[in-house]
Amino acid sequence: MDDSSNLTMKTAVITGVAGQDGAYLTRMLLDKGYQVHGTVRPGGSTDLWRLDSLGVRNHPHLHVLQHDLCSLVDSLALMDRLQPQEVYHLAAQSSVARSFEEPHATVNGIQQGTLNLLEAIRKVTPTTRFFEAGTSEIFSTKHSALCTELTAFHPRNPYALAKLSTYWATVNYRESFNVFGSVGILFNHESPLRDPRFVTRKITSSAARIALGEASVLELGNLAARRDWGYAGDYVEGIWRILQADQPDDFVLATQRSASVRDFVRLAFAGAGIGLAFQGQAEHEVAVVTDIVDGVADQVPCLKLGQVVVRVNPDFYRPIETGPSIGDPSKARLALGWQVSTSLEELCKLMVSADIARVKSGG
Ligand code: GDD
């Protein structure tokens, strides 16, 4: 592409470009012809394997740069230098479990990052559109029906507490300073690029290793926890659409279907060729093998019917559990034309297949 066409390209900043959503969004924006400036934390140690695996790491219109989200000076300079049309703020300490262990770092990091970007936009590039990655964790967990943009909030962990404050910060800058700031209230979204500390990828990577004889048992926390799980590739499409709307607004992105961790385990192991049945209660619950497809039986002759391959370890319980939660994405569907294209079964199959391929190739 020559320099003159660069002038007509949209410029976007994606914070947290090395993460799951950052990588999928980068690929999507590059495909749409954007110049993408993706930020990583200072220090130079960020692994860009997700951008590699999507084949965009060396794209001529992707520029990866270090940026300290906790520094207002850095954010002011970033906006001044790049003058982006759109900022997608995805970077955060996003593990609920870890937020219980590191509440200060989680809350301060999340709040400062959003505030600094909003303030920089207000002062330096007031027409820049700003997307805040919100979370379904802000909702009242006592609410068992579908959650919409109007559902009562009740954050129950430090991560959710911080994310509720950045939700309101975005709304405040919109109302007070006319900043085009929108929040995507994102329910869980997963993919083969998910970090294994989150439960879905922990399950699919273990199912793959057990089916290939490289592990024998998977330990989990609360098997009854329910989540509304979608595919991250669908969610970045919704995120982009949120910033293309005529007006800034907040949208729930969800699949409108919930499943338990137990359901996800069953699906993942079935995808790896192992049938399971659950037995026992609470911390004594286990999953035993009820069926083994021929290919797996040949590969792992030591895997036997009746063998325990999943058990509960209370160390993975949380101080308080959120959910059940299901999101209602009607507003996004009606206003943005967004809908999910990948079912839970397809998602699970996609993740297990990718993990089997990784284990086979020694990855
Ligand atoms: N991580 C993990 N590990 N979770 C487990 C385990 C385990 O061994 N066993 C059971 N779980 C349960 C958790 O208790 C929780 O109820 C559920 O699995 C999902 O946990 P995570 O995958 O860690 O995700 P999360 O729902 O807490 O948070 C994710 O989704 C949010 C959107 O609703 C994260 O991506 C957040 O950043 C995001 O905002």
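Described below are features of the structure shown in this document. (Residues numbered from 1 in each chain as written. Predicted model: local features only at pLDDT ≥ 70, side-chain atom pairs only at ≥ 80, totals over all residues. Heavy atoms only, no water.)

The local shell around the ligand holds 23 residues, among which S94, S136, Y159, R227 and E321 are the closest. S94 places a polar main-chain atom, nitrogen or oxygen, 2.6 Å from an oxygen atom of the ligand. Between the ligand and the protein, one listed contact pairs a nitrogen atom with a backbone N or O atom of R197 at 2.9 Å. (Near = heavy atom within 4 Å. Polar contact = N/O pair within 3.5 Å; in protein donor to acceptor, adjacent residues only side chain to side chain.)

In this section: the pairing of strand 4 (residues 86-89). Every second residue of strand 4 is oriented toward a common face, with E86 and Y88 on one face and V87 and H89 on the other, all of them buried. Sheet topology places strand 1 (residues 11-15) next to strand 4; 4 bridges connect them, and they run parallel. From the neighbouring strand, V13 faces strand 4, where its bridge partner is V87. Here strand 4 runs beside strand 5 (residues 129-135); their pairing, made up of 4 bridges, is parallel. Residue E86 lies in a different strand from strand 5, and its bridge partner there is R129. (Buried < 20%, exposed > 50% of the residue type's maximum accessible area, 1.4 Å probe, protein only. Helix = DSSP H or I, 4+ residues; strand = E, 2+ residues; numbered from the N terminus. Pairing = 2+ DSSP bridges.)

The next point concerns the sheet that holds strand 16 (residues 308-312). Across the sheet, which stays open at both edges, the 4 strands sit in the order 9-16-15-14 with mixed pairing between neighbours. The open sheet has two free edges, formed respectively by strand 9 (218-220) and strand 14 (274-279), since each of these has just one partner strand. This sheet shows a mean twist of 25° between the axes of neighbouring strands, independent of strand direction. Note that strand 9 and strand 16 share 3 bridges and pair parallel. Bridge pairing in strand 16 places L220 opposite V312. Its contacts with the sheet put helix 10 (residues 261-271) on strand 9, strand 14 and strand 16, and the angle it makes with strand 14 is roughly 155°. (Axes fitted to C-alpha atoms, helices over the stretch in contact; angles between N-to-C directions. Contact = heavy atoms within 4.5 Å.)

Following the criterion strictly, the structure yields 10 aromatic pairs and no others. Relative to F131, the ring of Y88 has its centre 6.4 Å away and its plane inclined at 40°; by these criteria the two rings are tilted. Separated by 43 residues along the polypeptide, Y88 in strand 4 and F131 in strand 5 bring together distant segments of the chain. Residue Y88 shares its accessibility class with F131, and that shared class is buried. A centroid spacing of 6.0 Å and a plane angle of 25° characterise the contact between F139 and F153, whose relative ring orientation is stacked. One end of the pair, F139, is in the loop between strand 5 and strand 6 (146-147); the other, F153, is in the loop between strand 6 and helix 7 (158-177), and 14 residues separate them in sequence. Owing to a relative accessible area of 2%, F139 belongs among the buried residues under this scheme. (Phe/Tyr/Trp six-rings, centres within 6.5 Å; stacked < 30°, edge-to-face > 60°.)

Moving on, we come to the pattern of salt bridges. Applying the stated criterion across every chain, the model contains 19 salt bridges. The closest approach of N and O atoms between E119 and K123, which form a salt bridge, is 3.1 Å. Here E119 pairs with K123, and both are found in helix 6 (residues 103-124), just 4 residues apart, close to one helical turn. E119 sits in the buried class, given a relative accessible area of 13%. Ionic pairing is found between R311 and E219, a salt bridge with its closest N-O pair at 3.0 Å. Of this pair, R311 sits in strand 16 while E219 sits in strand 9, and the two are 92 residues apart along the sequence. Several salt bridges converge on common partners, so that one network encompasses E119, R122 and K123. (Salt bridge = Lys/Arg side-chain N within 4 Å of Asp/Glu carboxyl O.)

Let's shift gears to helix 10. Every buried residue of helix 10 is accounted for by V261, F264, V265, A268 and F269. An end-on view of helix 10 places all buried positions within 125° of arc, on one side of the element. In this fold, the buried residues of helix 10 make contact with helix 8 (199-211), strand 9, strand 13 (259-260), strand 14, strand 16 and helix 13 (344-360). Where helix 10 terminates, the next one or two residues include G273, which has phi positive at roughly 90°. (Arc of directions from axis to C-beta.)

A word on the environment of K32. For K32, the position within the fold is in the loop between helix 2 (20-31) and strand 2 (35-40). The sequence separation of K32 and P248 amounts to 216 residues, and the corresponding C-alpha distance is 21 Å.

What follows covers unusual backbone geometry. In the Ramachandran plot, Q83 falls in the positive-phi region, its phi being about 45° despite a non-glycine side chain. Topologically, Q83 is positioned in the loop between helix 4 (72-82) and strand 4. Classification of Q83 by relative accessible area gives partly exposed; the value is 42%. Here the phi dihedral of Q256 falls at roughly 70°; this positive angle occurs in a residue that is not glycine.

One open sheet holds the 7 strands; their spatial order is 3-2-1-4-5-7-12, and the pairing between them is parallel. Each of the sheet's edge strands pairs with one partner strand only, and the pair in question is strand 3 (62-66) and strand 12 (250-253). Recorded for the sheet is a direction-independent mean angle of 20° between the axes of neighbouring strands. When strand 7 (residues 180-186) meets strand 12, the two strands line up parallel, connected through 4 bridges.

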